[in-house]
Amino acid sequence: MEKINNFMGGEYLPPHSKKYFENYDPTTGEVSHLVPDSDELDMVMAIQSARKSFESWSTTPISERVAVLYRMADEIERRKVEFARAESKDVGKPFKLAFEGDITRTISSLRFFASKIATMEDVFYQGDGAIHYSYRQPVGVCGLITPWNLPL
């Protein structure tokens, strides 16, 4: 049975507690794999790892960030069937729906945002005696709760 670990600092690491949850395939009711039962220490380690990565990522030129997003989209597209099977098994949705919907949408979204970042500009407006502007820069590590039904 596949055991999934946390991904931090470029490594797959077991949870600090060494405990795992059983994840059930909703179509069969059988345990499909084990997922980390992460605790507060795992979260602290993940945040520290993200902050360390932020130091270099935040100074990475936009052209390189764009290239990373395009590479992600290309790699997911290359492994589209594999991702669709995993998504179908994880949430019990039909393979066709995962393949044509979720995974295709993920690829499209990554490419969309890459194109927006590539053409994004700071905007300046002349006002009455003032200049107004929007300036885009990385702000730091963010915690997200993603929807279970469309995690990518």
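Residues numbered from 1 in each chain as written. Predicted model: local features only at pLDDT ≥ 70, side-chain atom pairs only at ≥ 80, totals over all residues. Heavy atoms only, no water.

Caption draft 1: Layout of the packing of helix α3 (residues 80–91) against helix α4 (residues 95–119). Here α3 crosses α4 at 120°, and the two axes come no closer than 8 Å. In terms of axis orientation, α3 runs oblique to α4. Pair α3 / α4 crosses with right-handed handedness. Touching K80, V81, F83, A84, R85, E87 and S88 of α3 are F95, A98, F99, D102, I103, T104 and I107, all from α4. Class assignment for the residues of the contact of α3 with α4 results in eight nonpolar, two polar and four charged. (Axes fitted to C-alpha atoms, helices over the stretch in contact; angles between N-to-C directions. Helix = DSSP H or I, 4+ residues; strand = E, 2+ residues; numbered from the N terminus. Parallel < 35°, antiparallel > 145°, perpendicular 65-115°, else oblique. Left-handed = near helix turned anticlockwise from the far one by under 90°. Contact = heavy atoms within 4.5 Å. Nonpolar A, V, L, I, M, F, W, Y, C, P; charged D, E, K, R; others polar.)

Caption draft 2: Here's a closer look at the side chain of R65. Relative to the helices and strands, R65 resides in helix α2 (residues 62–78). Buried charge without a salt bridge: R65, with E64 as the nearest opposite-charge side chain at an N-O distance of 8.3 Å. At a separation of 2.9 Å, a polar atom in the side chain of R65 contacts the main-chain carbonyl oxygen of S58. A distance of 3.0 Å separates the side chain of R65 from the backbone oxygen of T60, its partner in a polar contact. R65 has contacts with W57, S58, T59, T60 and P138, leaving out every residue within four places of it along the chain. (Buried < 20%, exposed > 50% of the residue type's maximum accessible area, 1.4 Å probe, protein only. Lys, Arg positive; Asp, Glu negative; His and termini not counted. Salt bridge = Lys/Arg side-chain N within 4 Å of Asp/Glu carboxyl O. Polar contact = N/O pair within 3.5 Å; in protein donor to acceptor, adjacent residues only side chain to side chain.)

Caption draft 3: Summary view of the pairing of strand β6 (residues 123–126). Of the strand pairs in this sheet, β6 and strand β7 (residues 131–134) are connected by four bridges, and their pairing is antiparallel. Bridging across to β7, Y125 finds its partner in H132. Between β6 and β7, which follow one another and run antiparallel, lie four residues, and G129 among them has a positive phi close to 75°. (Pairing = 2+ DSSP bridges.)

In short, geometric facts, not functional conclusions.
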